[in-house]
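Each chain, letter by letter, is given below.
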Amino acid sequence: MALLQISEPGQSAAPHQRKHAAGIDLGTTNSLVAVNRSGVVDTLPDEQGRHLLPSVVWYGEDEILVGYDALEKQAEDPLNTISSVKRILGRGIEDIRSLSDVLPWRFDVSTDSSVPRIVTRRGKVTAVEVSAEILKALAKRAEDSLGEGLDGVVITVPAYFDDAQRQATRDAARLAGLNVYRLLNEPTAAAVAYGLDQKADGIIAIYDLGGGTFDISILHLNKGVFEVMATGGDSSLGGDDMDHAIAEWLVQEMGIEDMDPQLSRQIMIAARRAKEALTEADQAEVCIDYRGETACRSLTRERFNELIGDLVRKTLMACRRTLRDAKLDREAISDVILVGGSTRVPLVREQVGEFFGREPLCSLDPDRVVAIGAAQQADVLAGNKPDSEMLLLDVLPLSLAIETMGGLSEKIIPRNTPIPVARAQEFTTFKDGQTAMSIHVVQGERELVSDNRSLAHFELRGIPPMVAGAPRIRVTYQVDADGLLSVTAEELSSGVKSDITIKPSYGLTDSEIETMLRASMEHAKEDVDARMLAEQQVEARRVIEAVDSALAEDGRELLSEQEYDAIVAARDALEQKIDSATADELKAAIKQVEATSEEFVARRMNASVRKALAGKTVDQVDV
Amino acid sequence: MSLDLQQNYFELFGLPVSFEVDSAALHAAQQQLQSRFHPDRVAGGSDQEKRLAVQQAAWINEAYQTLADPVKRARYMLSLQGLDMNDEHETTGDTAFLMEQIELREEMEQCQSCQDPLRCCDHITGKLDQRSKEYAAEFQRLYAQGDHEAARQVIKKMQFIQRILEQIDEYQMQLEEDLL
Ligand SMILES: Nc1ncnc2c1ncn2[C@@H]1O[C@H](COP(=O)(O)OP(=O)(O)OP(=O)(O)O)[C@@H](O)[C@H]1O
Ligand SMILES: [Mg+2]
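Residues numbered from 1 in each chain as written. Chains lettered and ligands numbered in written order. Predicted model: local features only at pLDDT ≥ 70, side-chain atom pairs only at ≥ 80, totals over all residues. Heavy atoms only, no water.

Colleague: Looking at this model, I keep getting lost on the overall build of chain B. Mind explaining?
Modeller: If you tally the helices and strands in chain B, you get seven helices and zero strands. Computed over the C-alpha atoms, the radius of gyration of chain B is 20 Å, more than 25% above the 16 Å expected from 2.2 N^0.38 for a compact globule of 180 residues. Based on the C-alpha atoms only, the size of chain B along its principal axes is roughly 60 × 50 × 30 Å. Counting over 180 residues, chain B shows a buried share of 46%. Look at the contacts in chain B between residues 6 or more apart in sequence, and 67% of them connect residues 24 or more apart. Total accessible area on chain B is roughly 9,400 Å²; 48% of this is exposed by carbon and sulfur atoms. For chain B, the separation between the mean place of its 17 positive charges and that of its 32 negative charges on side chains is 4 Å. (Helix = DSSP H or I, 4+ residues; strand = E, 2+ residues; numbered from the N terminus. Rg over C-alpha atoms; globule rule 2.2 N^0.38 Å. Buried < 20%, exposed > 50% of the residue type's maximum accessible area, 1.4 Å probe, protein only. Contact = heavy atoms within 4.5 Å. Areas by Shrake-Rupley, 256 points an atom, 1.4 Å probe, with all protein chains shown as cover. Lys, Arg positive; Asp, Glu negative; His and termini not counted. Charge placed at Lys NZ, Arg CZ, Asp CG, Glu CD.)

Colleague: In this structure, what is going on with the packing of aromatic side chains? I would like to understand it.
Modeller: The description of an aromatic ring pair uses the distance of the two centres, along with the angle that the planes make with each other. All chains considered together, the criterion is met by eight aromatic pairs over all chains. The interplanar angle of 85 degrees and the centroid separation of 4.8 Å between the aromatic rings of Phe355 of chain A and Phe356 of chain A together place this pair among those described as edge-to-face. Across the pair, Phe356 of chain A and Phe355 of chain A agree in class, each one buried. One aromatic cluster is present, built from ring pairs that chain together Tyr9, Phe10, Trp59 and Tyr76 of chain B. Geometry around Phe355 of chain A places Arg330 of chain A over its ring, the cationic atom sitting 4.0 Å from the centre. (Phe/Tyr/Trp six-rings, centres within 6.5 Å; stacked < 30°, edge-to-face > 60°. Lys NZ or Arg CZ within 6 Å of the ring centre and 35° of its normal.)

Colleague: Sorry if this is basic, but what is going on with the interface of chain A and chain B here?
Modeller: The accessible area lost on association of the parts is a frequent measure of interface size. The interface of chain A with chain B comprises 44 residues on the first partner and 49 residues on the second. Carbon and sulfur atoms supply 53% of the area buried between chain A and chain B, which totals about 4,000 Å² over both sides. Of all residues in chain A, Arg320, Arg324 and Pro420 of chain A bury the most surface against chain B, accounting for 15% of the area lost on that side. Summed over the shared surface of chain A and chain B, the result is six salt bridges. In this structure, Arg423 of chain A and Glu62 of chain B form a salt bridge, with 2.9 Å as the shortest nitrogen-oxygen distance. Scanning the region where chain A abuts chain B turns up 13 residue pairs in polar contact (both at pLDDT 80 or more). Ranked by the residues each element gives to the side of chain A that touches chain B, the list is headed by helix H14 (residues 583-614) of chain A, at 12 residues. In terms of residue class, the side of chain A that touches chain B is built from 24 nonpolar, seven polar and 13 charged. (Buried area = accessible area lost by both parts, 1.4 Å probe. Salt bridge = Lys/Arg side-chain N within 4 Å of Asp/Glu carboxyl O. Polar contact = N/O pair within 3.5 Å; in protein donor to acceptor, adjacent residues only side chain to side chain. Nonpolar A, V, L, I, M, F, W, Y, C, P; charged D, E, K, R; others polar.)

Colleague: Looking at this model, I keep getting lost on a negative patch on the surface. Mind explaining?
Modeller: Negative charge collects at one region of the surface, where Asp62, Glu63, Asp69, Glu72 and Glu76 of chain A lie side by side. Within the secondary structure, Glu63 of chain A sits in the loop between strand E5 (56-59) and strand E6 (64-66). (Patch = residues over 30% accessible without salt bridge, like charges linked within 9 Å, V, L, I, M, F, W, Y side chains within 5 Å.)

Colleague: Would you mind showing me how to read the domain arrangement of chain B here?
Modeller: Each domain of chain B was delimited in the assignment, giving domain 1 (9-68) and domain 2 (87-179). Distance from the C-alpha centre of domain 1 of chain B to the C-alpha centre of domain 2 of chain B: 31 Å. (Domains from an automatic or database assignment.)

Colleague: Any chance you could explain helix H4 (residues 70-80) of chain B here in plain terms?
Modeller: Helical geometry: 3.6 residues make up each α-helical turn, so side chains three or four residues apart lie on a common side. Within the span of H4 of chain B, buried status applies to Val71, Arg73, Ala74, Tyr76, Met77 and Leu78 of chain B. At the N-terminal end of H4 of chain B, a side-chain oxygen is found 3.1 Å from the backbone nitrogen of Val71 of chain B, two or three residues along, and the residue is Asp69 of chain B.

Colleague: How should the packing of helix H3 (residues 127-146) of chain A against helix H4 (residues 163-175) of chain A be read in this particular structure?
Modeller: All names here are of chain A. Contact geometry of H3 with H4 gives a least axis separation of 8 Å together with a crossing angle of 55 degrees. The angle between H3 and H4 places the two elements in the oblique class. The interaxial crossing formed by H3 with H4 has right-handed handedness. Of H4, the residues touching H3 (which contributes Val128, Glu129, Ser131, Ala132, Leu135 and Lys136) are Ala168, Asp171, Ala172, Ala173 and Leu175. For the contact of H3 with H4, the residue count by class is seven nonpolar, one polar and three charged. (Axes fitted to C-alpha atoms, helices over the stretch in contact; angles between N-to-C directions. Parallel < 35°, antiparallel > 145°, perpendicular 65-115°, else oblique. Left-handed = near helix turned anticlockwise from the far one by under 90°.)

Colleague: I'm lost on the nonpolar core in this one. Help?
Modeller: Across soluble globular proteins, you tend to see nonpolar side chains buried next to one another. All names here are of chain A. Membership of the largest hydrophobic core comes to 48 residues, with the highest contact counts inside it found for Ile288 and Phe356. At eight residues, helix H8 (residues 301-325) tops the list of elements feeding residues into this core. Setting aside residues up to four positions removed in sequence, Phe356 forms contacts with Ala205, Ile216, Cys319, Leu323, Ile333 and Val336. (Core = buried A, V, L, I, M, F, W, Y, C linked by side-chain atoms within 4.5 Å.)

In structure tokens, the structure reads:
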């Protein structure tokens, strides 16, 4: 559940009041925030007019710096300056090992938590905490500009992010105290910005090459509906790898053998500078301070193109696969949109253009387009645009599977299935009287479980004891609109719901997050409690509002008098508690209202589906 | 799932129960329903509303996926008649069909040594597409006659062909990548 940030606890916004919403592009290299100000959606600059916030956090003795200020510390204090943290968000210790030459920090691998910790002078921090610092800085920028607190945000993630990476992003938002309306895929956000800009219908391809991730998405645009047909990519491929290729070249050219973190940082910075210079120039100097002297080598565009040739080819390979998944030929694509700083590289433009056989569009600033699209959707989700037809229909980027005998993976929901989606599977027991079982869920396309990404072990308990093979345990896997998985289980013959404990493979547990939350707040317990209470109060008001309007609309029609009265009683009990009860008491009272009205809600949904299908509005039906 | 609609998937989209589906109409109906029931429509609502909306939208998606795919659609139509396919234990007993499948697989393997493997594959794909059409027509006829058992046998063949088509597709993709 998200923690709501509200300006005045206990006050819910009046229904017609505009909500304050923002779109956040949480990037590997750079992050941005955009809002709607008097009808114009745009990214927000800092006092110096810079829109980008480098995704860099510096942990100093008594302060934490984010952005350009942190970037300045990078060369002199590399171990306490964390950059490109998105590359390890939602990742495990083994992933860190394989990335260790790219990431210069010290990691603490001795913990029993599955989440790696970076050692800084202010203690050990996780990628989630580092990301939360970036989010806080962006939220502050938005709040300063709007002059008020944010009601909710849309945060973008690479389309190719798996469940663990998405969950980690949500956790970071929670730590930053943000209410997340939705996680939105970056290419979809870019499509929204372009689609609304050009009012174009058709099939478009979005090629997004940023600092650390590559995404390709194919979307069908039709009257405000953005339907993702297929998506693909690589969540650890980007401009950083180009820098790396240059760095390797330089190390070889100069015959460097005595590498240390400071030198390595320096080389990476020089490499990036040269790469960016080569976008305009045919040749660039790569210079570093080495053994007390300035050493330079010159790199031509031609040589650079060779160094990154494989990388670009890899992205085009993914484009082919994705087209195939969408069951489309290249000719079907009416527009190609370039997103991300690395699409400025001439070789990338050239090859993408050649592949799709058309000049790519880049009329909107590739740095800003994602945040702008996110802010546009945030505005719609906040309810500020009641007449908007806009709807974003996304897909699952990577197949979900479970481990079966022999370490094989069996697909439950294939990639590119539209979300939300739910699939059920039946299991039984092997032993007489067996009351528990475990399901290992993984994500990826490969045959072997060990080649895919482990998401979590779900331990089911409370299966009624029966002879082996008698229980029929239905396990339901559900993926919501954010692309996040949840699992429920029920024994069908007895109707007993199983109790499920989740052991995430690479995620923080709820209690770890709570501990971080407490640690991050000055007055630990009271503040956290106050926030929890405020959160429940807001939820309670939402529930009451929803119940009231539903009862008024068709309560008499769909409910018996007895049922009606029971709902009203539960609702009144909740209302009485709002200002006096604790967070836990309120939670229980909300649950009570929900339980009492569950059947009513279901009947209303059914009724409204029928009406929708009949193609009639409510009034027409009544006539 | 608390959403227990009385209607079947065809009714959900306002379509007649038939193997022949107007895919444009199906797609439009799907979007119209999602426009109303997608979780984004209750982004500011209560947790319960959000949970239900997710179930709702998942259900609409499932219905759409089922009707959009010929094999799934055929299976679903049979299930409407109370006949479920039990995949694990079922193979088709039609020897002529099996022989043809074996031949097709052999032909596919030979593609590797073809001069132009991609065209070779296209050739097989063409044959299979033709077969799919014939089976679809046969299914429709049998279903209309109420001969559900025979219709079920045809679905098995349709499934078989769909699987080979997928394999050829994957193989072709691999070939193309190797050629790059
Ligand atoms: N002029 C340029 N020429 C070449 N590369 C550039 C140029 N400008 C920026 N880049 C590269 O673009 C990358 C950053 O792009 P961007 O800001 O889109 O990434 P991001 O959003 O932070 O990352 P991601 O989307 O992968 O999480 C860096 O690798 C940077 O070096
Ligand atoms: Mg980006």
